[in-house]
Amino acid sequence: MQIHSAEFITSARGLPDCPAWDRPEFAFIGRSNVGKSSMINLLSNKYALAKVSATPGKTRLLNFFLMNGLWSLVDLPGYGFAQTARSGKFAFNEWVGDYLEQRANLRRVFVLIDSRLTPQRLDVDFTAWLGGTGVPFSLVFTKVDKQSVTKTRANIDLFQASLSQHLASVPDVLTSSTKTRAGRADILRRIAASLG
Ligand code: GDP
């Protein structure tokens, strides 16, 4: 799939605020610094796109972009701010939780994970929770240019092992580098497949 256009549509505070459209949505989430903005820019070929999401006031919102006038890329806030989350449920923004659990338009979630790290509790817990919702998702191990293939493989294997304690099925796994553009085509292929 070629990306011809990418435009910012709106920022939503929660489900009631999401666009009233029937566009298929593909969401991106990950801890801060995982490389999410870089990935969104790479996917869109618009190097200032993710800047919108990073502007003050928007980092905790769900940011919607319309791609090729057809489908929506949704930039979700990182799930790393546990202090403000509702207790007992999950350590991330409750708008995000509601969106992931209830948004009918949502076709697939891309969970970005830093390939240089051994499994981080927050990533594993979030992914296990997401698996329980039944929403299709792919794990994207980012920044693979920063280390050897062997090291990346080892961290992915460790992550899968941690996840297997919570989930019965093995998730879809991709690797990416915004430096070499690796993974871009794989992500777009997943999206194209859902568009039918
Ligand atoms: P975000 O907080 O998840 O949006 O992360 P950013 O996209 O701002 O990236 C965080 C830092 O990692 C920046 O310095 C990026 O240049 C760097 N970075 C992101 N992706 C990659 C990658 O694939 N390879 C390398 N070498 N650096 C990356």
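Summarised in this report is the structure supplied together with it. (Residues numbered from 1 in each chain as written. Predicted model: local features only at pLDDT ≥ 70, side-chain atom pairs only at ≥ 80, totals over all residues. Heavy atoms only, no water.)

1. Re helix 6 (residues 184-195)
- The end-to-end C-alpha distance of helix 6, which contains 12 residues, comes to 17 Å, matching closely the 16 Å that a straight helix rising 1.5 Å per residue would cover.
- Within the sequence span of helix 6, burial applies to Arg 184, Ile 187, Leu 188 and Ile 191. Buried positions in helix 6, seen along its axis, are confined to an arc of 95° and lie on one side of it. Residues Arg 189 and Ala 193 are exposed on helix 6 and point more than 90 degrees away from its buried face.
- Looking at the packing, one finds that the buried side of helix 6 touches strand 2 (25-30), helix 1 (36-44), strand 4 (71-75), strand 5 (106-114), strand 6 (137-142) and strand 7 (172-175).
- Of the residues trailing helix 6, Gly 196 is marked for its positive phi of about 75°. (Helix = DSSP H or I, 4+ residues; strand = E, 2+ residues; numbered from the N terminus. Expected span 1.5 Å × (residues − 1). Buried < 20%, exposed > 50% of the residue type's maximum accessible area, 1.4 Å probe, protein only. Arc of directions from axis to C-beta. Contact = heavy atoms within 4.5 Å.)

2. Considerations on the sheet that holds strand 6
- The sheet built from 7 strands is open, its strands ordered 1-3-4-2-5-6-7 with mixed pairing. Each of the sheet's edge strands pairs with one partner strand only, and the pair in question is strand 1 (6-12) and strand 7. Across the sheet, the mean angle from the axis of one strand to that of its neighbour is 25°, orientation sign disregarded.
- One ladder, built from 5 bridges, connects strand 3 (residues 62-67) with strand 4; its direction is antiparallel. Counterpart to Asn 63 in the pairing with strand 4 is Asp 75. (Pairing = 2+ DSSP bridges. Axes fitted to C-alpha atoms, helices over the stretch in contact; angles between N-to-C directions.)

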